[in-house]
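As a plain string of letters, each chain reads:
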Amino acid sequence: KADLAAELDALAAGCVARRRKLQGLSQAKRAFQARIDAAKTVLAHMDPATEFARAQLAVVAQLSARIRQVDDLRTRLLAGADLLEQIIAMIFFRYPRQQRAIEDHYAALARLQESLIADWKDQLGLLPTPDDARPVHDPRPLPDLPASLGGPSAEPPRVSPREPTPPA
């Protein structure tokens, strides 16, 4: 039982890490789309033959490709979420049948399984995948944001020191 609990804890930690990655990808997609929209707004008021307009079109094409990459990553992170159902089925297969009809027994197990899955989704936001059993420190990096969108080569935001508030 302790091994099963530890495995479920690892799956839960993997779900949390995956949900954070999905949130980061959603933020990146919104940032990419905002930059595309801004470039298209500028392009609408320009002569498309200018060098600046061609550069803006290249930016739009590159960001559109990044959005496709983000969508692909999101699809992969959301795929294969039937692992919890498989684990529950393995546990319930060994669950002793009480003194009731077999149909009632399996109906009760089905209701319990639905409840467990709903609770998992409520607590963690998504169902686990086999990848969630891997350590939380996943060596596969997320794509970097460009510097113009706050990526790694961008300057850190400047924070002005707060003035101390006088005691009341």
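Residues numbered from 1 in each chain as written. Predicted model: local features only at pLDDT ≥ 70, side-chain atom pairs only at ≥ 80, totals over all residues. Heavy atoms only, no water.

1. Comments concerning the pattern of salt bridges
- In the structure shown here, the tally under the stated rule is 1 salt bridge.
- With its nearest N and O atoms 2.8 Å apart, the salt bridge here joins lysine 29 to aspartate 71. With lysine 29 in helix α1 (residues 2-44) and aspartate 71 in helix α2 (residues 51-78), the pair connects residues that are 42 residues apart, well separated along the chain.
- Its relative accessible area of 27% is what places aspartate 71 among the partly exposed residues. (Salt bridge = Lys/Arg side-chain N within 4 Å of Asp/Glu carboxyl O. Helix = DSSP H or I, 4+ residues; strand = E, 2+ residues; numbered from the N terminus. Buried < 20%, exposed > 50% of the residue type's maximum accessible area, 1.4 Å probe, protein only.)

2. Some words on the nonpolar core
- Ranked by size, the top nonpolar core spans 25 residues in total, and within it Phe32, Leu84, Trp120 and Leu124 carry the most contacts.
- At the level of elements, α1, α2, α3 (83-93) and α4 (102-124) are the ones that each hand at least two residues to this core.
- If one sorts the elements of this core by residue count, α1 sits on top with 10 residues.
- Setting aside residues no more than four positions away along its own chain, tryptophan 120 makes contact with Leu8, Leu11, Ala12, Cys15, Leu84, Gly125, Leu126, Leu127 and Pro128. (Core = buried A, V, L, I, M, F, W, Y, C linked by side-chain atoms within 4.5 Å. Contact = heavy atoms within 4.5 Å.)

3. What about the confidence of the model for the protein chain?
- Mean pLDDT over the protein chain: 75, with 73% of residues reaching 70 or higher.
- By mean pLDDT, the top-scoring element of the protein chain is α2 (88), and the lowest-scoring one is α3 (73). (pLDDT = per-residue confidence, 0-100.)

4. Things to note about the side chain of glutamine 56
- The topology assignment puts glutamine 56 in helix α2.
- With relative accessibility at 8%, the residue glutamine 56 sits in the buried group.
- Ignoring anything within four residues of it in the chain, the contact list for glutamine 56 reads Arg35, Ala39 and Leu43.

5. Considering α2
- Spanning 28 residues, α2 covers 41 Å between terminal C-alpha atoms, matching the ideal 40 Å at 1.5 Å per step.
- Of the residues making up α2, those classed as buried are Ala53, Gln56, Val60, Leu63, Ile67, Val70 and Leu77. (Expected span 1.5 Å × (residues − 1).)

6. Re α4
- With 23 residues, α4 should cover 33 Å at 1.5 Å per step; its first-to-last C-alpha distance of 33 Å lies within 8% of that length.
- Those residues of α4 that sit buried are His105, Leu109, Ile117, Trp120 and Leu124.
- The first or second residue beyond α4 is glycine 125, which carries a positive phi of 90°.

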